[in-house]
There are 2 protein chains.
Amino acid sequence: MNVEMVNPFLVSLMNVLSTMAQVEAIMNKPTLKQGDRATGDVTGFIGLTSTNIKGSLAITFTESAIIQIASQMLGEVFEIIDESVIDAVGEITNMVSGGAKKILSEKGYKFNMAIPSVISGKDHIITHNTKGAIVLVPFETQAGSLFVEVCFEG
Amino acid sequence: MNVEMVNPFLVSLMNVLSTMAQVEAIMNKPTLKQGDRATGDVTGFIGLTSTNIKGSLAITFTESAIIQIASQMLGEVFEIIDESVIDAVGEITNMVSGGAKKILSEKGYKFNMAIPSVISGKDHIITHNTKGAIVLVPFETQAGSLFVEVCFEG
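Criteria and cut-off values
- Residues numbered from 1 in each chain as written.
- Chains lettered and ligands numbered in written order.
- Predicted model: local features only at pLDDT ≥ 70, side-chain atom pairs only at ≥ 80, totals over all residues.
- Heavy atoms only, no water.
- Buried < 20%, exposed > 50% of the residue type's maximum accessible area, 1.4 Å probe, protein only.
- Helix = DSSP H or I, 4+ residues; strand = E, 2+ residues; numbered from the N terminus.
- Pairing = 2+ DSSP bridges.
- Core = buried A, V, L, I, M, F, W, Y, C linked by side-chain atoms within 4.5 Å.
- Contact = heavy atoms within 4.5 Å.
- Buried area = accessible area lost by both parts, 1.4 Å probe.
- Salt bridge = Lys/Arg side-chain N within 4 Å of Asp/Glu carboxyl O.
- Polar contact = N/O pair within 3.5 Å; in protein donor to acceptor, adjacent residues only side chain to side chain.
- Nonpolar A, V, L, I, M, F, W, Y, C, P; charged D, E, K, R; others polar.
- Phe/Tyr/Trp six-rings, centres within 6.5 Å; stacked < 30°, edge-to-face > 60°.
- Least-squares fit on C-alpha atoms with pLDDT ≥ 70 in both.
- Axes fitted to C-alpha atoms, helices over the stretch in contact; angles between N-to-C directions.
- Parallel < 35°, antiparallel > 145°, perpendicular 65-115°, else oblique.
- 1 Å grid on protein atoms, 1.4 Å probe; cavity = no way out; pocket = protein on both sides within 12 Å on 5 of 7 lines; lining within 4 Å.
- Points joined across faces, edges and corners; volume = space filled by probe spheres on them.

Q: Could you give me a rundown of the pairing of strand β3 (residues 54-61) of chain B, with the residues and numbers involved?
A: Residue and element names in this part refer to chain B. For β3, the tally of buried residues reaches 7 of 8 residues, placing the bulk of the element in the interior. Hairpin connection, strand β2 (residues 39-49) to β3: the antiparallel pair is bridged by 4 residues. Sheet analysis places β3 next to strand β7 (residues 144-153), joined by 8 bridges and oriented antiparallel. Residue pairing for β7: Ile59 is matched across the bridge by Val148.

Q: Explain the nonpolar core to me, using residue names and the numbers behind them.
A: The biggest cluster of nonpolar side chains holds 42 residues, and the ones touching the most others in it are Ile59, Phe61, Ile66, Ile69 and Ile92 of chain B. Every residue in contact with Ile92 of chain B, bar those within four places of it in the chain, is listed here: Val16, Leu17, Ile59, Phe61, Ile66, Ile69 and Met73 of chain B.

Q: An account of the interface of chain A and chain B is requested, with residue identities and associated values reported.
A: Across the contact, 35 residues belong to chain A and 35 residues belong to chain B. Taking both partners together, chain A and chain B bury about 2,600 Å²; carbon and sulfur atoms supply 55% of that area. Applying the counting criterion to the chain A and chain B interface returns 0 salt bridges. Taken together, the links from chain A to chain B amount to 9 residue pairs in polar contact (both at pLDDT 80 or more). Among the elements that make up the side of chain A that touches chain B, the one with the highest residue count is strand β5 (residues 117-128) of chain A (10 residues). Here the residues of the side of chain A that touches chain B sort into 13 nonpolar, 17 polar and 5 charged. Bridge analysis of β5 of chain A against strand β5 (residues 117-128) of chain B gives 8 bridges, and the strand direction is antiparallel. Bridging across to β5 of chain B, Thr127 of chain A finds its partner in Val118 of chain B.

Q: Run through the pairing of strand β3 (residues 54-61) of chain A, naming residues and quoting values.
A: Relative to β3 of chain A, strand β2 (residues 39-49) of chain A runs antiparallel, the two sharing 8 bridges. From the neighbouring strand, Gly44 of chain A faces β3 of chain A, where its bridge partner is Ile59 of chain A.

Q: Go over the side chain of His128 of chain B, please, and point to the residues and values.
A: Position of His128 of chain B among the secondary structure elements: in strand β5. The class of His128 of chain B is buried, set by a relative accessible area of 6%. Side-chain polar atoms of His128 of chain B contact the side chain of Ser56 of chain B, separated by 3.3 Å. Excluding residues within four positions of it along the chain, His128 of chain B makes contact with Pro116 and Ser117 of chain A together with Phe45, Ser56, Ala58, Ile134, Glu149 and Cys151 of chain B.

Q: Explain the packing of aromatic side chains residue by residue, including any values.
A: For any two aromatic rings, the description comes down to two numbers: the centre-to-centre distance and the angle of the planes. Applying the stated rule across the entire model yields 5 aromatic pairs over all chains. Aromatic side chains Phe45 of chain A and Phe45 of chain B sit 5.0 Å apart centroid to centroid with 85° between the ring planes, which places their arrangement in the edge-to-face category. Of this pair, Phe45 of chain A sits in strand β2 while Phe45 of chain B is found in strand β2, placing the two residues in two different chains. No difference in accessibility class separates Phe45 of chain A from Phe45 of chain B, as the two residues are buried. Ring centres of Phe111 of chain B and Phe152 of chain B lie 5.3 Å apart, and the angle between their planes is 35°; this geometry places the pair in the tilted category. Of the two residues, Phe111 of chain B is situated in the loop between α3 (83-106) and β4 (112-113) and Phe152 of chain B in strand β7; the sequence distance between them amounts to 41 residues. Just as Phe111 of chain B is buried, Phe152 of chain B falls in that class too.

Q: Could you give me a rundown of the relation of the copies chain A and chain B, with the residues and numbers involved?
A: Mapping chain A onto chain B calls for a rotation angle of 180° and an axial translation of 0.0 Å; the resulting RMSD is 0.0 Å. Viewed as a symmetry operation, the transformation between the two copies matches a two-fold axis. Judged by C-alpha distance, Gly47 of chain A is the residue of chain A that lies nearest the rotation axis, at 2.4 Å. Mapped onto chain B, 100% of the interface residues of chain A again fall at the interface, so both copies present the same surface.

Q: Which residues make up the packing of helix α2 (residues 63-74) of chain A against helix α3 (residues 83-106) of chain A, and what are the values?
A: Helix-helix packing: each pair is described by the crossing angle between the helix axes and the interaxial distance. Residue and element names in this part refer to chain A. Relative to each other, α2 and α3 sit at 85°, their axes nearing to 10 Å. In terms of their interaxial angle, α2 and α3 are classed as roughly perpendicular. Contacts between α2 and α3 involve Ile66, Ile69, Ala70, Met73 and Leu74 from the first element and Ser84, Val85, Ala88, Val89, Glu91, Ile92 and Met95 from the second. Among the residues forming the contact of α2 with α3, the class breakdown is 10 nonpolar, 1 polar and 1 charged.

Q: Just give me the short version of the layout of surface pockets, but keep the residues and values in it.
A: Its boundaries defined by the atoms lining it, the largest pocket holds a volume of some 440 Å³. As for the largest pocket, its lining consists of 23 residues, of which Asp87 of chain A together with Gln34, His128, Asn129 and Thr130 of chain B are closest to the centre. Where the lining of the largest pocket is concerned, the elements lending two or more residues are α3 of chain A together with β5 and β7 of chain B. Here the lining of the largest pocket gets 5 residues from one element, more than from any other, and that element is α3 of chain A.

Q: So what's going on with the packing of helix α1 (residues 3-21) of chain A against α2 of chain A? Which residues, and what values?
A: Residues and elements named next belong to chain A. For the pair α1 and α2, the least separation of the axes is 8 Å and the interaxial angle reads 50°. For the element pair α1 / α2, the angle class is oblique. Counted together, Leu17, Met20 and Ala21 of α1 and Ile69, Gln72 and Met73 of α2 form the full contact between these two elements.

Here it is, written out as structure tokens:
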């Protein structure tokens, strides 16, 4: 896996948050260590496949971050992670992977996207079952933290 | 989506639990309602794609069920959901989707599998972001409950 395949997800996330929710996300240093795992309250998750590469993308939000993002995105004040907030996470995940898919396609990598899912539950942890590298990228927003994890194998 | 595409996952799960962990899982009535969602302590998750169909599989275990399954699978007594148990969930998810993929392929449905992931965290919930039907199938084992969710779209 190389930076060329990870960057489209990071660029796409910053675009989606900025245009859909007027939230500017500041990227912190990416890490590659397998032991580093995102902990958060709600995660958007999607699988990606091509004929010879498999991958996955997880976007994990703290409660405070997603509540502000969803409120600004939907023009409605949310106080808990309810069904509308969960739907917003699914939509963000879809848009981020769709945007990344388009950039990757222009670079010659053609992927199919699986059905996105949203995991909710206080302080859950996602563990990717792969021998490939996992890139964990923390982001800060004015409302709190979020984390992107991208892995590819094959 | 039809039963022909869901049954391979159920058959494959029962095979994997029986052969790898000597655990017999009894299938309860599947439901199709979108509001019914599995709640559990650890979930194995994998995305599936083909050129025109996308899908996902989630296997959600209660803590008591996965601790007994992992203990019998690995021949070691576990008391909490630790890294070895999480790895076992990833392996089970891989084997179940690999088995289902093989059966589906014989029926003419060719899928690519994404990287499996494992979500851990007390009482988390998985929500599939799809307009397609979601099949939720509860299973009982001597150690507790587990749930399979399969969805396809396209």
